[in-house]
Structures are given as C-alpha cells and as structure tokens.
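# Understanding the architecture of this molecule
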Amino acid sequence: MSTTLLAKQGKMGNTTYYQTTMKANTVITTIGLASEMDQWKDMTIDERMQREINGTRVAAELVPYIIKDPDWFFGSLIIVVYKGWEEIYFQDIQEVTEINMAAYKDALKGAGFLTLPDNKRLIALDGQHRLAALAMAIKGKNGIPGSVERLPEHLKESLIPHPEIGDADISVILIENKNINVIRKIFNKVNRYAKQTSRSDNIITSEDDIIAIVARKLFNSQDGPLIAIDGKELINWKSNTIAQRSKQLTTVSALYTITQTILSYYNVDEKSLVSSELIDKSYDIMKKYWTLCLEKIDVFKTYIKCVCEDRPVDKIRKESLLMKPVTHMAMANAILIVIKHGVDYALIIDKINAIDWSFENPMWFNILVTNTKSKKMITKTNSLKQAGKLIAYMLIGDKFNDEEVNEVQEILNEAAGENQETELPEIIMGQL
C-alpha cells in the first residue's frame, strides 16, 4: 500500500531529503532496523550501517522516559528509503493548488506531498534506539526488536504496553538510497559529529533527575548552604576541575555524586519519580549535611572566611585534601557508612578535624592521592569507596564488626603494596 505524506523538501550538499511527521504506530510498523535486514549477517563490518541495539539501555532508560514523563520529546529520526526510492514521487503543493499571495509562495516553496510506493523499505539510519524504545513503550515486551539479545528478564517483565503512545507525532527525515556509500558516510558523520552533552550540562539542565534538581538547589536557592557569597560562586558548574587559585569549593559533578551517595540511604536515586514533596524532603537532608560541614569542619570554616574577606584560598588548598572535590565525594561515602551504623553524623562530624588531611600523610597514598611527587588525586569510584571506609573507620571504628575491620586493613595493605602489613589508624574517640 502506497503512503502519502505532507512533507517539506530540502537539500544539504548533494543530498535531497524530506521532512515530515508520522504517527508513532506507523513508525514502529513501517520503519525497520538495519540489523534486521536479510543481508545484515552477511555484511562486512564496513557494510553495516548501524550499531547494534543496546536493549538494556532502551528498556531501562528510554522506555521509562517515554512512559512516565508527560513532556517527553525526541529529535527527528533519520530514515533511509532503502528500497523503493526509485518510485518516490514528490508533488509541490503549488502544482496542486494556485497560491495567489507572494508571501505564501515563498513560505510554501518545497512544501508538498510525498508518495512512497507499496514496495518501500524504510530503515532507521539514525535513531534506532529511539525507534526501539517507541516499539517497547507501545507494545510492551512484544515490541522488543528481534535483534535485541539477552535482555534481562526483570526488564522484559517491566515492559507494559501503552498503546496511547502510538498516537504521538514523530518527526522524521527521509533520504533516498541512491548510493550506499553516501548513506554510510551520512550515518558515520551524523554519529561522529553529534556532541554528547557534558555531565555538568546534564546536571544543570535535567528536570527529571531528582539528584540533579536537589544538587542545583544547594547553590541556587536563596537558603542554599552553597549559594554564592558576594557574587563569588562556591560551585564550579562549568567544568569538572577546580583551579589551584580558584575560590570555588567543589564542582557540580562532585556535588551530584555526594547528593546521590547520601540520598541512596533514603532510597532516592536519579530514577525516582520527581515530586515537590520528595524534592523538599531530599533537599532538607542535603541542606543539613552541607550546613553542618561548613559550620563544623575547620578547613571549610577557614575557606568560607577567606571567601567572605576576598582573600586567597590557594594556601589551604595546597595544605589540605579537604579542599579537593575527590575528598568531598569520599567523605560522603564515609557519612553513608556512619548513617548505616545508626549513628547521627551530626554528633561526630567534628571528629573530621582530628584526621590528618595532609597530602604527605602516607595513609592516603594510593587511596586518595598517588604516591608520587605530583600527588595527583585518584578519582576511581572504587578508590572513593575505599577512602570512605577508611574515613568511617576513624570516625566510628568501634562500631565496625570484624569483617569491616578486615576490609579496612586490606585496603591499607593493598595501597602499601608488596604484601606490606600496615597498621590501622587510631579511632578518634573523645578528642574533640
């Protein structure tokens, strides 16, 4: 059956294309994936136009976005008319009806009706994951593409049909398959030059990630504990590093990780359904945490005083690991352990001041910093967790069981290397 669509004809370089919309139901029934073509298995790597579908990502991230977010939106799918392109017929609207107003003639130039033949074969050139997500969202597990392998059972069972989504208008760009090499080149360039948004950009703009929303409120709200002081921002939200002379305390990326770590105890994560009530509750938890840190930790108090008095902070940044975003994230891991042990961290946060946070303290070598002259920070997730256990041990080690104590001992021994036995640090008791 032929299909006629209202479309706008355009041209980029030597490629003619047609922009139109199709109902989501039509999209998932008429547009295929390159990996499902008969010739796919016999193609060489060079001949394959598409990456394989990451079914887990589609089912766990894209499908919930479509189903749960009433403001969901996708960019245009780029579709190649793989078969039947020779019989494509485009008729300019001005050939069908007379346009008398000059302004309308210019605006309608290239607008018309695109007819695709019965034997058409449409293949997603760009947007295959979005296409698969639409199919799964509309049809549930019956919409899982045949080329998707080893989708975890729990994800399969989470796919409930939502046929109402089939009525959505999907933006589509169609191009003709006149030259397979040109098509392959277009696919390659579209994907190669598509710049992914940075982690910082995602945190700043996300409205469906409650961790990002709460992290922003900490330095954006009027009562935020990390709000700018006299126009001097405490949070670097433009990049993931802090310059030695910068007056900023930490990065937005570190702030996100800290928020994520502590809120995990309260079963709040980036996939939690966003609501005003949950935002307020989560914000109060993180506001309390940062307020206590800034009021009780000496290095932070000195830092805030320097910022208020517009004095340099590079000296304390050189002297204390507590002025590093990596340490901030490690400390959040420690506080999470403290909370899990049933201890109110507000009562023991002063103990952090009794820890030697010097870059030259060998206890931190190969855990927080490299054992080199440069003393570079170690940013691996596992290292942050190990540092967190070590910090937590010094704060509440008397509450650790034998297994937890052994874990701390192993962390120190591994960091020391060469099967060295390293003594556990002292547990800070009533020193403060």
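Structure: above.
In this report, we go over the structure that sits alongside the text. (Residues numbered from 1 in each chain as written. Predicted model: local features only at pLDDT ≥ 70, side-chain atom pairs only at ≥ 80, totals over all residues. Heavy atoms only, no water.)

## Quick notes on the overall build of the protein chain
From N to C terminus, the protein chain includes 16 helices and 10 strands. With 432 residues in all, the protein chain has 49% of them scored as buried. For the protein chain, long-range pairs separated by at least 24 residues make up 69% of all intrachain contacts whose partners lie at least 6 apart in sequence. For the protein chain, the exposed area adds up to about 23,100 Å²; of that, 49% sits on carbon and sulfur atoms. Here the protein chain holds 52 positive side-chain charges and 57 negative ones, and the gap between their average locations is 5 Å. (Helix = DSSP H or I, 4+ residues; strand = E, 2+ residues; numbered from the N terminus. Buried < 20%, exposed > 50% of the residue type's maximum accessible area, 1.4 Å probe, protein only. Contact = heavy atoms within 4.5 Å. Areas by Shrake-Rupley, 256 points an atom, 1.4 Å probe, with all protein chains shown as cover. Lys, Arg positive; Asp, Glu negative; His and termini not counted. Charge placed at Lys NZ, Arg CZ, Asp CG, Glu CD.)

## So, the environment of Lys318
With respect to the element layout, Lys318 can be found in helix 13 (residues 314-319). Of the residues examined, Lys318 reaches a relative accessible area of 55% and is grouped as exposed. Spatially, the C-alpha atoms of Lys318 and Lys247 are 13 Å apart, while their sequence positions differ by 71 residues. Those residues in contact with Lys318 that lie beyond four places of it in its chain are Gln244 and Phe359.

## Let's talk about the pairing of strand 2 (residues 15-23)
Note that strand 1 (residues 3-12) and strand 2 share 5 bridges and pair antiparallel. Bridge assignment links Met12 to a residue of strand 2, and that residue is Thr15. Connecting strand 1 to the next strand, strand 2, in antiparallel fashion are 2 residues, including Gly13 with a positive phi near 60°. Here strand 2 runs beside strand 8 (residues 169-176); their pairing, made up of 7 bridges, is antiparallel. Each residue of the ladder has a partner; that of Tyr18, found in strand 8, is Leu174. (Pairing = 2+ DSSP bridges.)

## Looking at the sheet that holds strand 4 (residues 77-83)
Pairing between sheet strands relies on hydrogen bonds along the backbone, with the strands arranged either parallel or antiparallel. In space, the 8 strands of this open sheet follow the order 3-7-4-8-2-1-6-5, with mixed pairing throughout. Looking at strand neighbours, the two that pair on one side only are strand 3 (31-33) and strand 5 (89-92), the edges of this open sheet. Taken pair by pair, the neighbouring strands of this sheet meet at an average axis angle of 40°, ignoring direction. In the packing of helix 5 (residues 128-139) onto the sheet, the strands contacted are strand 3, strand 4, strand 7 (121-126) and strand 8, and the crossing angle to strand 7 comes to about 120°. (Axes fitted to C-alpha atoms, helices over the stretch in contact; angles between N-to-C directions.)

## Comments concerning helix 5
In a regular helix each residue adds 1.5 Å, so 12 residues correspond to 16 Å; helix 5 covers 16 Å between its end C-alpha atoms and thus fits that length. By the criterion of burial, helix 5 is predominantly enclosed, with 11 of the 12 residues buried. Along helix 5, the positions that sit buried rather than exposed are Gln128, His129, Arg130, Leu131, Ala132, Ala133, Leu134, Ala135, Met136, Ala137 and Ile138. Buried residues belonging to helix 5 abut helix 1 (24-30), strand 3, helix 2 (55-68), strand 4, strand 7 and strand 8. In the stretch just after helix 5, Gly140 is the one whose phi turns positive, near 70°. (Expected span 1.5 Å × (residues − 1).)

## Looking at the side chain of Lys375
On the secondary structure map, Lys375 appears in the loop between helix 14 (325-340) and helix 15 (381-396). In this structure the side chain of Lys375 is engaged in a polar contact, spanning 2.6 Å, whose partner is the backbone oxygen of Thr372. If sequence neighbours within four positions are ignored, Lys375 has contacts with Phe359, Glu360, Phe365, Val369 and Thr370. (Polar contact = N/O pair within 3.5 Å; in protein donor to acceptor, adjacent residues only side chain to side chain.)

## Describing the packing of helix 2 against helix 5
In a pair of packed helices, the angle between the axes and the distance between the axes together describe the arrangement. It is at 9 Å that the axes of helix 2 and helix 5 come closest, and there the two elements cross at 65°. Our classification of the angle between helix 2 and helix 5 gives roughly perpendicular. Note that helix 2 runs across helix 5; the crossing there is right-handed. Counted together, Arg57, Val58, Ala59, Leu62, Val63, Ile66 and Ile67 of helix 2 and His129, Arg130, Ala132, Ala133, Leu134, Met136 and Ala137 of helix 5 form the full contact between these two elements. (Parallel < 35°, antiparallel > 145°, perpendicular 65-115°, else oblique. Left-handed = near helix turned anticlockwise from the far one by under 90°.)

## Focus: the pattern of salt bridges
Within the structure shown, the criterion is met by 13 salt bridges. The shortest N-O distance in the salt bridge between Lys301 and Asp298 comes to 3.4 Å. Remark: Asp298 and Lys301 occur in helix 12 (residues 298-308); sequence separation between them is 3 residues, near one turn of the helix. One salt bridge in this structure joins Glu360 and Lys375, with 4.0 Å as the shortest N-O distance. (Salt bridge = Lys/Arg side-chain N within 4 Å of Asp/Glu carboxyl O.)

## Remarks on the packing of helix 10 (residues 252-263) against helix 11 (residues 276-296)
Running from N to C, helix 10 and helix 11 cross one another at 110°; their axes reach a closest spacing of 11 Å. When the axes of helix 10 and helix 11 are compared, the pair comes out roughly perpendicular. Helix 10 and helix 11 meet at a crossing whose hand is right-handed. Touching Leu255, Ile258, Thr259, Ile262 and Leu263 of helix 10 are Ser282, Ile285, Met286, Tyr289 and Trp290, all from helix 11. Here the residues of the contact of helix 10 with helix 11 sort into 8 nonpolar, 2 polar and no charged. (Nonpolar A, V, L, I, M, F, W, Y, C, P; charged D, E, K, R; others polar.)

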